[in-house]
Amino acid sequence: VITIRVPASFVEHAAMPLVIDPLISSRTVASNTLDLSNPDSVWDEHDGTWMIVYESRFALNDTDMFAQRLSGANQLVGSAITIDASSLVWQLPSIANLNHYNRNLVVAQVSVDDIAPFWIGGRSLESSGATLSAQLDIEKAGLPSHFSGDKLRPDVGGDPSHISPVYFTVVWERVFSATDHDIQMKQVLWDGTLRSAAPTSIANGIENASW
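So, how was this worked out
- Residues numbered from 1 in each chain as written.
- Predicted model: local features only at pLDDT ≥ 70, side-chain atom pairs only at ≥ 80, totals over all residues.
- Heavy atoms only, no water.
- Salt bridge = Lys/Arg side-chain N within 4 Å of Asp/Glu carboxyl O.
- Helix = DSSP H or I, 4+ residues; strand = E, 2+ residues; numbered from the N terminus.
- Buried < 20%, exposed > 50% of the residue type's maximum accessible area, 1.4 Å probe, protein only.
- Core = buried A, V, L, I, M, F, W, Y, C linked by side-chain atoms within 4.5 Å.
- Contact = heavy atoms within 4.5 Å.
- Pairing = 2+ DSSP bridges.
- Axes fitted to C-alpha atoms, helices over the stretch in contact; angles between N-to-C directions.
- Phe/Tyr/Trp six-rings, centres within 6.5 Å; stacked < 30°, edge-to-face > 60°.
- Lys NZ or Arg CZ within 6 Å of the ring centre and 35° of its normal.

Asks: I keep staring at the pattern of salt bridges and nothing clicks. Help me out?
Replies: Proximity of charged atoms lets side chains of opposite charge pair with each other. Per the counting criterion, the structure on display carries three salt bridges. Residues Glu139 and Lys186 are paired through a salt bridge, measuring 2.6 Å at the closest nitrogen-oxygen approach. Highlighted residues: Glu139 in strand β8 (residues 136–139) and Lys186 in strand β11 (residues 180–188), separated in sequence by 47 residues. Both residues of the pair, Glu139 and Lys186, belong to the buried class. With a shortest N-O distance of 2.7 Å, Arg153 and Glu173 are connected by a salt bridge. Of this pair, Arg153 sits in strand β9 (residues 151–157) while Glu173 sits in strand β10 (residues 168–177), placing them 20 residues apart in sequence. Classification of Arg153 as partly exposed rests on a relative accessible area of 28%. Each member of the salt-bridge network shares a partner with another, and the members are Glu139, Lys151 and Lys186.

Asks: Whenever I open this one, the nonpolar core confuses me. Can you help?
Replies: In globular proteins that are soluble, nonpolar side chains generally tend to be buried together. Judged by nonpolar contacts, the single largest core of 14 residues is most densely connected at Met51, Met65, Ile83, Trp90, Ile95, Val106 and Leu125. Elements that contribute at least two residues to this core include exactly β2 (49–59), β3 (62–71), β4 (76–84), β5 (89–98), β6 (103–112) and β7 (115–126). With three residues, β6 is the single largest residue contributor to this core. Apart from the residues lying within four places of it in its own chain, the contact partners of Ile95 are Asp40, Ser41, Val42, Met51, Val53, Asn104, Leu105, Val106 and Val156. Formed by 13 residues, the second largest nonpolar core is a distinct cluster that contains Ala96, Leu136, Ile138 and Val188.

Asks: Looking at this structure, I do not really get the sheet that holds β3. What am I missing?
Replies: What links the strands of a sheet is backbone hydrogen bonding, and the strands pair in either a parallel or an antiparallel sense. Across the sheet, which stays open at both edges, the four strands sit in the order β1-β2-β3-β4 with antiparallel pairing between neighbours. Of all strands in the sheet, those bounded by a partner on one side alone are β1 (35–44) and β4. On average, each strand axis in the sheet is tilted by 25° relative to the strand beside it, whichever way the strands run. Taken together, the eight bridges between β1 and β2 define a ladder with antiparallel strand orientation. By the bridge assignment for β2, Ser37 is matched with Glu55.

Asks: What is the right way to look at the packing of aromatic side chains in this model?
Replies: For any two aromatic rings, the description comes down to two numbers: the centre-to-centre distance and the angle of the planes. Under the defined criterion, the tally for this structure stands at three aromatic pairs. Pairing Tyr101 with Trp190 gives two aromatic rings, centres 5.3 Å apart and planes at 15°, and the pair type is stacked. Within this pair, whereas Tyr101 is found in the loop between β5 and β6, its partner Trp190 is found in the loop between β11 and β12 (200–203), the two being separated by 89 residues in sequence. A relative accessible area of 31% places Tyr101 in the partly exposed class. Among the residues examined, Trp190 registers a relative accessible area of 36% and is labelled partly exposed. The ring of Trp119 carries the charged tip of Lys140 above its face, separated from the ring centre by 4.0 Å. Sitting over the ring of Tyr167, Arg195 keeps its end group 3.9 Å from the ring centre.

Next up, the structure:
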């Protein structure tokens, strides 16, 4: 049981709306001599664990990506899981969960040396961290049915349902021209298989759409 008492004298002078949101506990997920940034997190209801994904700057032209499990009590579970430790640059991670399969998908903006071309990569893994799929190209110019242009700033959503079919849904920003960026999406199965090779356009007009 947690009891929160807010003195009347504090409430009297507080700016409204008043939000009572105390810090219960904190945990260092990862710490080393490299720059760690852009974390994202997801909860798996079946395992009762969090998974935190983050990028690690290995060199000026090499950013890697790792994931770390935490228990519901905010304790570290196991060691860091390598999502990418190649010479590619994996940036801006996002992670989501399919409850039916106890599976997560990490997506990222990928490039060589942090310069164009940029594409959307990903990797699926069990919520337990035991099994990882091969890295996949979710949307990359030059592949059959994939669109041209750089692909930036991915995000991914999951599905809490226990009943199939369920899919990951990945969205990103596509560079059509210097003044016209579009928003596209593609769905991914639990094992990392693309549901379709061609993306679906969400915002495809002449205006500049981003994020």
